Number of protein chains: 2
Amino acid sequence: MSIRYALLGIISKKPVTGYDVVTIFKQKMIYFWSSTHSQIYKELHKMEEEDLITHQLVIQGTSPNKKVYSLTDQGKKDLIRWAIEEPLKPAKIKDEFLIKTTIFPILSEEEINQLLDEVIEREHSILAKTKEWKEHFHSQGDSDIGTILTVEYGIRYSEMYLEWCKWAKQMIQDKA
Amino acid sequence: MSIRYALLGIISKKPVTGYDVVTIFKQKMIYFWSSTHSQIYKELHKMEEEDLITHQLVIQGTSPNKKVYSLTDQGKKDLIRWAIEEPLKPAKIKDEFLIKTTIFPILSEEEINQLLDEVIEREHSILAKTKEWKEHFHSQGDSDIGTILTVEYGIRYSEMYLEWCKWAKQMIQDKA
DNA sequence: AGGCGCATGTAATTAGTTACATGATTCA
DNA sequence: TGAATCATGTAACTAATTACATGCGCCT
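Calculation rules
- Residues numbered from 1 in each chain as written.
- Chains lettered and ligands numbered in written order.
- Predicted model: local features only at pLDDT ≥ 70, side-chain atom pairs only at ≥ 80, totals over all residues.
- Heavy atoms only, no water.
- Least-squares fit on C-alpha atoms with pLDDT ≥ 70 in both.
- Contact = heavy atoms within 4.5 Å.
- Near = heavy atom within 4 Å.
- Polar contact = N/O pair within 3.5 Å; in protein donor to acceptor, adjacent residues only side chain to side chain.
- Helix = DSSP H or I, 4+ residues; strand = E, 2+ residues; numbered from the N terminus.
- Nonpolar A, V, L, I, M, F, W, Y, C, P; charged D, E, K, R; others polar.
- Salt bridge = Lys/Arg side-chain N within 4 Å of Asp/Glu carboxyl O.
- Buried < 20%, exposed > 50% of the residue type's maximum accessible area, 1.4 Å probe, protein only.
- UniProt positions renumbered as here; feature names shortened; annotations may be inferred.
- Pairing = 2+ DSSP bridges.
- Axes fitted to C-alpha atoms, helices over the stretch in contact; angles between N-to-C directions.
- Domains from an automatic or database assignment.
- Buried area = accessible area lost by both parts, 1.4 Å probe.

Looking at an unreviewed UniProt entry, chain A carries the name PadR family transcriptional regulator, with the source organism given as Cytobacillus gottheilii.

This is the structure in structure tokens:
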């Protein structure tokens, strides 16, 4: 249900198309939420039915038409109500790698190190991309405090993960 | 689908009842996965159908009977195959608070601080509980490397979160 | 000629949550 | 006597994923 408020949050900044919502979501929210275009389009339809958003159809002659969504008064009210009144649900993480970590005792040291190296590489590349995005937003003059805070979260999360991996490698070596 | 391997991982350590699986899951895997007893019992049934686990019924006279599950050879093989062969899926986080963070610009400073304080308190209590568990496992002589690594992950995650919150508060104050 | 970006959707399936349902034992 | 722990399940619903489906314009 929270996906709805993520989308409402995006549209609240400025009117955008469904396609834009998907793009912005993947740029800015990938650090703390996940979704697909398929779910997003469906949720946009539901929100429109419930009068939280409306759209204006923009006919673009040659290129495909697009729907530009914006918040209704009710949508904005509901977004703020949710933010300040709705009790916070605990964060949910689904991290496959840490499941694999729990069974390290039945894997060989070589296999463990291979897995750890893989995840280190992945996290390095995520971190690099996040830092790139941070620079990008910065250079675009995007000083939205929400963006600043959540991008910083993404960077800190990846850094923590990498440090933990380094520590884990040491632990494995010491135990062997 | 990964929930299956989380459960297989638990049962691989020693034969346990469904109830035990639920309990262990909530103690040890809460930092990186989430599920409910309802989903777990269903998955156990499916895994038994597919010959990855079997159970022995233990009749306990007065208290309710229980099913003690253990891995079949096929189950163990599949668990290891998954761990070393199956390509790693990226971690998925669903953190409501960070959605709320994205709309800080339309909230008052007071509302923002209230939200941040709430989340700081929550994270403090999670961290305290995690540290408690770490001591508990330690004192029980549980030196399973999987447990050591994942509990440490939980601690580092909470600490990162708290430091980020502190930094966020400072940012908000500076901006105001 | 092929791939990427823009642009929007539906269908089928699987995963996950919440509520319903029961019942004994143990401890305060 | 009421709450917590042990113990197991099903039903109804919602959320989410993957695959299917289309098509133009632009760049190389």
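You can overlay chain A on chain B at an RMSD of 0.0 Å; the transform is a turn of 180 degrees with a shift of 0.0 Å along its axis. These values place the two chain copies in the arrangement generated by a two-fold rotation axis. Taking the C-alpha atom as reference, chain A places I93 of chain A closest to the rotation axis, 2.2 Å from it. With an isologous cut-off of 70% or more, the 100% of interface residues of chain A that recur at the interface of chain B puts this contact in the isologous class.

Neighbouring DNA strand D are 25 residues, the closest being S38 and Q39 of chain A together with Y19, H37 and K67 of chain B. Protein-adjacent atoms of DNA strand D, using a 4 Å cutoff, are sugar or phosphate at a proportion of 60%. In this structure, H37 of chain B approaches DNA strand D through a side-chain N or O atom, which is 2.8 Å from a base oxygen. Here a base nitrogen of DNA strand D and a side-chain polar atom of S38 of chain B are 3.3 Å apart. Mapped by element, the contributors of at least two residues to the surface near DNA strand D are α3 (37-49) of chain A together with α2 (18-28), α3 (37-49), β3 (66-71) and β4 (92-94) of chain B. Here the residues of the surface near DNA strand D sort into six nonpolar, 13 polar and six charged.

Turning our attention to the protein's contact with DNA strand C. Residues in contact with DNA strand C amount to 24 residues; listed here are only the nearest, Y19, K67 and K92 of chain A together with S38 and Q39 of chain B. Between DNA strand C and K66 of chain A there is a distance of 3.5 Å, counted from a phosphate oxygen to a side-chain nitrogen or oxygen. Of the residues assigned to the surface near DNA strand C, the class counts are six nonpolar, 12 polar and six charged.

This part takes up the pattern of salt bridges. Residue and element names in this part refer to chain A. By the definition in use, this model includes 25 salt bridges over all chains. For D144, the salt bridge is made with K13, and the minimal N-O distance between the two is 2.9 Å. Pair noted here: D144 is in the loop between α6 (109-139) and α7 (145-175) and K13 is in helix α1 (residues 3-13), with a separation of 131 residues, a long-range link. Look at K13 and you get partly exposed, because its relative accessible area is 41%. Between K131 and E159 there is a salt bridge; the shortest N-O distance is 3.9 Å. Here K131 is found in helix α6, whereas its partner E159 is found in helix α7, with 28 residues between them in sequence. Residue classification places K131 among the partly exposed positions, given a relative accessible area of 40%. Where salt bridges share partners, they join R4, E43, K46 and E50 into one cluster.

Glancing now at the side chain of T17 of chain B. All names here are of chain B. Tracing the backbone through its elements, the reader meets T17 in strand β1 (residues 16-17). A residue is classified by how much of its surface remains accessible, and T17, at 8% relative accessible area, is buried. Ignoring anything within four residues of it in the chain, the contact list for T17 reads K66, K67, V68 and Y69.

When the UniProt feature table is mapped to this numbering, "domain: Transcription regulator PadR N-terminal" (unreviewed entry) covers residues 7-79 of chain A. With 52% helix and 19% strand, residues 7-79 of chain A has end C-alpha atoms that lie 10 Å from one another.

Moving on, we come to the sheet that holds strand β2 (residues 53-58) of chain B. All names here are of chain B. Ordered in space as β1-β3-β2, the three strands form an open sheet in which the pairing is antiparallel. Edge positions in the sheet fall to β1 and β2, since each of these pairs with one other strand and no more. Direction of pairing for β1 relative to β3: antiparallel, over a ladder of two bridges. Looking at β3, one finds that V16 is bridged to Y69. Here α3 sits on the sheet in contact with β2 and β3, set at roughly 110 degrees to β2.

All names here are of chain A. Domain annotation for chain A reports domain 1 (3-85) and domain 2 (96-175). Contacts between the two partners involve five residues from domain 1, matched on the other side by 10 residues from domain 2. Here domain 1 packs against domain 2, burying approximately 690 Å² in sum over the two surfaces, 62% of which is carbon and sulfur. Contact with domain 2 buries area across many residues of domain 1, yet Q27, K28 and Y31 alone supply 78% of it, more than any other trio. There are two salt bridges connecting domain 1 and domain 2.

Before going further, it helps to spend a moment on the pairing of strand β3 (residues 66-71) of chain A. Pairing geometry for strand β2 (residues 53-58) of chain A and β3 of chain A, over six bridges, is antiparallel. Bridge pairing links H55 of chain A to Y69 of chain A in β3 of chain A.

Turning next to the interface of chain A and chain B. Listed per partner, the contact involves 63 residues of chain A and 63 residues of chain B. Buried area between chain A and chain B, both sides added, is near 6500 Å², and the carbon and sulfur share of it is 72%. Considering only the surface of chain A that becomes buried against chain B, L88, K94 and E96 of chain A emerge as the three largest contributors, covering 12% of it. Between chain A and chain B we count two salt bridges in total. Its salt-bridge partner being E96 of chain A, residue K89 of chain B comes within 3.8 Å of it at the nearest N-O pair. Scanning the region where chain A abuts chain B turns up 25 residue pairs in polar contact (both at pLDDT 80 or more). Among the secondary structure elements, those contributing two or more residues to the side of chain A that touches chain B are α1, α4 (73-85), β4 (92-94), α5 (96-102), α6 and α7 of chain A.

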